[in-house]
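Now for the letters of each chain:
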Number of protein chains: 2
Amino acid sequence: MLNGSTGWPSLTPATRTAAVELLRHGPLSRSALARRLGLSAGSVTRLVTPLLAGGLVVPVGPGRDGGIGRPSTPLDVVAAGHRFAGVKLTASHGYAVLADLRSTVLAKVDGPLRGKSPAEVVASVADLVSRVAGDAPLAGVGVSLGGRAADHRIVTAAPYLGWAGPVDLGGLVTAATGAPTVVDNDVLALARATHWFGAARGADRFALVTVGVGIGYGLVVHDRLVDSDDAGVGLVAHLCLDPLGPLCARGHRGCAEAMLASGKIRDAVAVGRGGVSTYAECLDLASAGDPVAVRVVDDAGRALGRLVAMIANLTMVPTVVLSGDGVELASVASDALAAGLAADRDPAADPVRVEIHPGGFDEWARGAAVTAIQSYTTPRGSAMMHR
Amino acid sequence: MLNGSTGWPSLTPATRTAAVELLRHGPLSRSALARRLGLSAGSVTRLVTPLLAGGLVVPVGPGRDGGIGRPSTPLDVVAAGHRFAGVKLTASHGYAVLADLRSTVLAKVDGPLRGKSPAEVVASVADLVSRVAGDAPLAGVGVSLGGRAADHRIVTAAPYLGWAGPVDLGGLVTAATGAPTVVDNDVLALARATHWFGAARGADRFALVTVGVGIGYGLVVHDRLVDSDDAGVGLVAHLCLDPLGPLCARGHRGCAEAMLASGKIRDAVAVGRGGVSTYAECLDLASAGDPVAVRVVDDAGRALGRLVAMIANLTMVPTVVLSGDGVELASVASDALAAGLAADRDPAADPVRVEIHPGGFDEWARGAAVTAIQSYTTPRGSAMMHR
DNA sequence: TTGAGTTACTTCTACGCTGCAAGTAACTCC
DNA sequence: GGAGTTACTTGCAGCGTAGAAGTAACTCAA
């Protein structure tokens with residue numbers, strides 16, 4: 001009966017593990033679940049019984065699998081039973097989504113921040129949350145931003161907001177909204193969403209590269225996000241991708257930011273031919289065959305391909321997901337991307353799968369919601385969130 | 001009483017987990033072990049009791065930790081209770097070590113292979129093992145080679161030996177020596193040794209780069225070796241480190257192999273000044289200030305630094321271990337290495353710790369022994385070896 | 001010297017979680 | 001309509017765990 005107040009945190013560990021497996025990989029029959037978890041069939045029956053009784057999980061579909069023997073009964077988590085809000089912060093705006101347990105977006109709103117001070121940001125976030133959620137009770141709130149958050153609560157670095165010292169954003173938003181709130185780096189949150197519910201659902205290893213105003217990078221290995229003090233803050237942005245490329249603000253020639261950031265691409269096209277004012281125009285011009293735009297965009301695509309190759313060579317991921325608001329670059333310059341990838345990847349090695357996942361601001365906000373979902377489903381979990 | 005015949009495989013899972021923790025991180029007091037494993041003190045007492053009774057673990061030292069309260073009693077695994085042999089194969093020779101449970105080398109031998117056919121290699125390995133082990137009973141044998149082994153048994157690729165189809169080297173050596181045998185890629189095996197007992201002991205994440213005839217690469221993330229079909233077979237060897245560098249055999253300019261392989265460095269010095277015939281001479285000349293050797297070695301050091309930076313940026317490891325028979329390069333060109341590292345690493349990010357670990361052929365063989373040790377201590381283990 | 005405080009370890013119990021074995025259920029194929 | 005096959009359930013024995021209560025061995029201060 002979907003009692004939100006009891007919720008997943010009250011489940012016993014093994015039962016919760018089964019529920020998470022169903023959430024991430026479902027629908028699954030009991031036998032498939034047993035194989036996935038490495039358990040006996042009897043144990044799975046026992047674990048699943050209280051989930052069915054509580055209405056968190058339901059049998060779904062007829063389960064026709066065509067084979068011989070008794071047909072299986074696929075089970076699935078009832079995603080609609082819980083609501084989460086996700087908020088992505090930029091220097092000036094907030095973007096919020098309302099999502100269910102599988103991070104399906106049910107509503108979205110956005111608006112300017114009232115200001116950059118912690119109090120103004122908290123008030124803006126609370127406002128966005130109440131606007132997007134209405135009076136639906138929330139199981140959790142996630143907030144993501146370009147910066148770092150310790151323990152998913154304390155913001156320790158937020159260059160775009162200009163915060164000097166640590167701010168307990170998680171605690172403040174929890175107090176303001178009444179819903180348990182977690183804070184995360186925006187790229188890491190997007191990587192979490194990609195991992196659990198997105199283009200890399202079910203993948204044990206993958207990398208995420210976001211292209212847009214900046215270049216972001218996230219890595220999942222052994223089914224777990226790789227976190228560190230430096231994760232998501234641009235270690236990848238200044239990797240050299242083209243020794244003859246343009247300069248970035250730090251004086252690096254041909255680094256990822258200089259080659260791929262949407263502002264840099266726009267500037268390069270503007271310098272070459274004039275008459276452009278937006279990144280989207282540059283991609284359109286390149287599609288239409290404008291020689292300057294084609295050259296700039298192709299150079300960028302080749303650089304992106306080389307970046308993908310470097311990532312795959314050094315992390316051994318079979319898949320690299322491209323996202324971010326500027327990711328159309330990868331479609332427009334797909335040939336150049338493939339060429340750059342081929343140039344730096346051993347042809348004898350397994351080919352790298354490149355997935356292009358469209359990314360707008362609501363995708364970033366959805367990432368924030370997934371951080372909240374993970375925190376809700378695996379509190380202080382042994383594997384997922386922390387450690 | 002160190003009964004080798006019962007051994008670790010007969011331990012119950014939780015007890016074995018405690019024993020592995022002591023082996024890898026010991027000596028540890030019971031309370032420290034409880035903290036590490038996330039268990040209560042009572043559970044640890046229960047787990048440790050049979051290990052003490054069986055003599056696999058002993059109390060060690062007085063346990064003075066200076067603080068207040070009852071002093072702790074550090075426990076440690078009795079490493080001398082088991083013997084393992086490790087054999088590293090090259091195209092023409094085998095190198096074998098005898099090691100205890102902590103991979104301390106007790107003896108070493110080497111010799112030419114009788115030939116490259118599977119039968120000749122197996123006979124050579126068995127010969128080396130019996131020479132190095134004498135009549136000591138072996139708990140396990142590890143064999144490592146440049147190539148791939150499926151399931152730690154079946155060699156599926158061995159370019160240096162010219163084997164075409166898969167060869168059940170593990171099964172053949174098991175039959176020939178009477179000791180359970182595992183097969184592994186040589187770089188991965190060295191990474192295992194570095195992880196459990198070497199320069200990265202206790203590290204949750206690190207990367208290993210080997211420099212020598214070829215360039216090797218291994219990665220540990222989340223306390224587990226990253227394995228893949230392509231691991232260890234040279235994905236890293238053809239990364240571009242210097243756009244103006246020399247060519248490798250595949251036509252890559254300035255790739256890791258072209259810049260760092262000992263043969264390439266020797267050739268570059270020989271072309272420049274003549275009068276050298278070995279890699280070691282080149283390093284000596286560079287130390288002595290010979291301008292050609294200094295330039296070649298410094299370029300290589302800078303390239304190695306850039307490689308370390310790329311690895312750290314993309315994998316987020318805090319530590320990179322350098323090893324291999326040509327690793328002296330890193331000491332001779334340490335300034336250039338630091339410069340290359342600084343150039344490609346964000347100064348705001350955590351600094352990368354570079355550990356130089358001397359590596360001869362016996363280190364490679366020790367790696368093979370560690371593969372056997374891991375297989376012995378964590379058979380079909382949930383985390384260590386497979387999956 | 002004595003007792004309070006502190007940390008390390010042990011013992012006992014209740015219970016969660018597991019595999020295993022022996023069922024039952026629902027299907028296909030012949 | 002039975003044999004074969006796969007999915008699932010039920011009951012049981014035993015491992016593994018936390019928690020509470022107790023013991024041990026030390027430091028420190030009065």
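Residues numbered from 1 in each chain as written. Chains lettered and ligands numbered in written order. Predicted model: local features only at pLDDT ≥ 70, side-chain atom pairs only at ≥ 80, totals over all residues.

Chain A is annotated in an unreviewed UniProt entry as Sugar kinase of the NBD/HSP70 family, may contain an N-terminal HTH domain of Asanoa ishikariensis. Taken directly from UniProt, the Sequence similarities (unreviewed entry) text for chain A runs: "Belongs to the ROK (NagC/XylR) family." (UniProt positions renumbered as here; feature names shortened; annotations may be inferred.)

1. Quick word on the overall build of chain A
Within chain A, the secondary structure is distributed over 13 helices and 14 strands. Across its three principal directions, the C-alpha atoms of chain A cover 65 × 55 × 35 Å. By residue count, 51% of the 387 residues in chain A fall in the buried class. Considering only contacts in chain A between residues 6 or more positions apart, those separated by 24 or more positions represent 62%. (Helix = DSSP H or I, 4+ residues; strand = E, 2+ residues; numbered from the N terminus. Buried ≥ 20, exposed ≤ 12 C-beta atoms within 10 Å, placed from the backbone. Contact = placed C-beta atoms within 7 Å.)

2. Considering helix α1 (residues 13-25) of chain B
The end-to-end C-alpha distance of α1(B), which contains 13 residues, comes to 18 Å, matching closely the 18 Å that a straight helix rising 1.5 Å per residue would cover. Each element contacted by the buried residues of α1(B) is listed here: α2 (30-37), α3 (41-54), β1 (57-59), β2 (75-77), α6 (186-196) and α13 (361-377) of chain B. (Expected span 1.5 Å × (residues − 1).)

3. Section: the relation of the copies chain A and chain B
You can overlay chain A on chain B at an RMSD of 0.0 Å; the transform is a turn of 180° with a shift of 0.0 Å along its axis. Viewed as a symmetry operation, the transformation between the two copies matches a two-fold axis. (Least-squares fit on C-alpha atoms with pLDDT ≥ 70 in both.)

4. Concerning the interface of chain A and chain B
Opposite the 26 residues of chain A that make contact, chain B presents 26 residues. When contributions to the side of chain A that touches chain B are tallied by element, the ones reaching two or more residues are β11 (215-221) and α10 (291-315) of chain A. Sort the elements by how many residues they give to the side of chain A that touches chain B and α10(A) lands first, with five residues. In terms of residue class, the side of chain A that touches chain B is built from 14 nonpolar, six polar and six charged. (Nonpolar A, V, L, I, M, F, W, Y, C, P; charged D, E, K, R; others polar.)

5. Here we look at the sheet that holds strand β14 (residues 353-356) of chain A
All names here are of chain A. The five strands lie next to each other as β12-β11-β10-β13-β14, forming an open sheet whose pairing is mixed. The sheet is open, and its two edges are formed by β12 (224-225) and β14, each paired on a single side. In terms of strand pairing, strand β10 (residues 206-211) meets β11 through six bridges, oriented antiparallel. Residue pairing in the sheet places Val211 in a bridge with Ile215 of β11. Along the sheet, helix α6 (residues 186-196) makes contact with β10, β11, β12 and β13 (319-323), crossing β11 at roughly 45°. (Pairing = 2+ DSSP bridges. Axes fitted to C-alpha atoms, helices over the stretch in contact; angles between N-to-C directions.)

6. Focus: the protein's contact with DNA strand C
In the vicinity of DNA strand C lie 28 residues, with A:Gly42, A:Arg70, B:Gly42, B:Gly69 and B:Arg70 positioned nearest. Here the residues of the surface near DNA strand C sort into eight nonpolar, 15 polar and five charged. (Near = placed C-beta within 6 Å.)

7. A few points about the environment of B:Asp298
Residue and element names in this part refer to chain B. Position of Asp298 among the secondary structure elements: in helix α10 (residues 291-315). Sequence separation of Asp298 and Gly218 is 80 residues, and the distance between their C-alpha atoms is 24 Å. Not counting chain neighbours up to four residues away, the residues in contact with Asp298 comprise Ala333 and Ala336.

8. Quick word on the sheet that holds strand β10 (residues 206-211) of chain B
Residue and element names in this part refer to chain B. Strand order in the open sheet formed by five strands is β12-β11-β10-β13-β14, with mixed pairing between adjacent strands. Across the chains shown, the open sheet's two edge strands, defined by having one partner strand only, are β12 (224-225) and β14 (353-356). Each of β10, β11 (215-221), β12 and β13 (319-323) is contacted by α6, which is oriented at about 45° to β11, the strand it contacts most.

9. Side note on the domain arrangement of chain A
Residues and elements named next belong to chain A. For chain A, the domain assignment lists domain 1 (8-80), domain 2 (82-192 + 363-377) and domain 3 (202-356). When each unit is reduced to the centre of its C-alpha atoms, the spacing between domain 1 and domain 2 is 31 Å. Domain 1 puts six residues into the contact, and the matching count from domain 2 is six residues. Looking at the side of domain 1 that touches domain 2 residue by residue, the class counts come to six nonpolar, no polar and no charged. (Domains from an automatic or database assignment.)

10. Quick word on the confidence of the model for chain A
Segments scoring low in pLDDT should not have their predicted coordinates read at a detailed level. Residue and element names in this part refer to chain A. Averaged over chain A, the pLDDT score is 89; the fraction of residues at 70 or greater is 95%. Averaged pLDDT values for the elements of chain A fall to 88 in helix α8 (residues 262-273) and rise to 97 in β13. In the model, residues 1-6 has pLDDT below 50 throughout and makes seven contacts with residues more than four positions away in sequence or in other chains. Note on residues 381-387: pLDDT under 50 across the span, and seven contacts to partners over four residues away in sequence or across chains. (pLDDT = per-residue confidence, 0-100.)

11. As for the protein's contact with DNA strand D
Neighbouring DNA strand D are 28 residues, the closest being A:Gly42, A:Gly69, A:Arg70, B:Gly42 and B:Arg70. For the surface near DNA strand D, the secondary-structure elements that each account for two or more residues are α2 (30-37) and α3 (41-54) of chain A together with α1 and α3 of chain B. The class makeup of the residues in the surface near DNA strand D is eight nonpolar, 15 polar and five charged.

12. With respect to the packing of α8(A) against helix α9 (residues 279-288) of chain A
Residue and element names in this part refer to chain A. The geometry of α8 relative to α9 is characterised by a closest axis approach of 8 Å and an angle of 60° between their N-to-C directions. The orientation of α8 with respect to α9, classified from their angle, is oblique. Both α8 and α9 take part in a crossing whose hand is left-handed. Contact residues: Ser262, Ile265, Arg266 and Val269 in α8; Tyr279, Cys282 and Leu285 in α9. In the contact of α8 with α9, the residues fall into five nonpolar, one polar and one charged. (Parallel < 35°, antiparallel > 145°, perpendicular 65-115°, else oblique. Left-handed = near helix turned anticlockwise from the far one by under 90°.)

13. Overview of the pairing of strand β4 (residues 93-99) of chain A
Residues and elements named next belong to chain A. Counting buried positions along β4 gives six out of seven residues, so the element sits mostly inside the fold. Strand direction decides the pairing type here: strand β3 (residues 84-89) and β4, joined by six bridges, are antiparallel. By the bridge assignment for β4, Ala85 is matched with Leu98. Joining the antiparallel neighbours β3 and β4 is a turn of three residues. Bridge count between β4 and strand β5 (residues 105-112): seven bridges; the pairing is antiparallel. When the sheet's bridge partners are listed, Val97 is paired in β5 with Lys108. Counting the residues in the hairpin turn of β4 and β5 gives five residues, including Ser103, whose phi is positive at 65°.

14. Quick notes on α6(B)
The buried fraction of α6(B) amounts to eleven of the eleven residues, a majority that puts the element mostly inside the structure. Within α6(B) the residues assigned to the buried category are B:Asp186, B:Val187, B:Leu188, B:Ala189, B:Leu190, B:Ala191, B:Arg192, B:Ala193, B:Thr194, B:His195 and B:Trp196.

15. Description of the pairing of β13(B)
Residue and element names in this part refer to chain B. For β13, a buried count of four out of five residues is recorded, marking the element as mostly surrounded by other parts of the structure. As paired strands, β13 and β14 are joined by four bridges and run parallel to one another. Bridging across to β14, Leu322 finds its partner in Ile356.

16. So, unusual backbone geometry
Note that the residue after A:Gly26, namely A:Pro27, is joined by a cis bond; omega there is 0°. Note that A:Pro27 resides in the loop between α1 (13-25) and α2. Although it is not a glycine, A:Ser103 sits at a positive phi angle of roughly 65°. Positive phi outside glycine occurs at B:His222, with the angle close to 55°.

17. Concerning the environment of A:Asp325
Residue and element names in this part refer to chain A. Within the secondary structure layout, Asp325 lies in the loop between β13 and α11 (328-332). Through-space distance from the C-alpha of Asp325 to that of Leu128 is 21 Å; in sequence the pair is 197 residues apart. Dropping the residues within four chain positions of it, Asp325 is found in contact with Gly212, Gly359 and Gly360.

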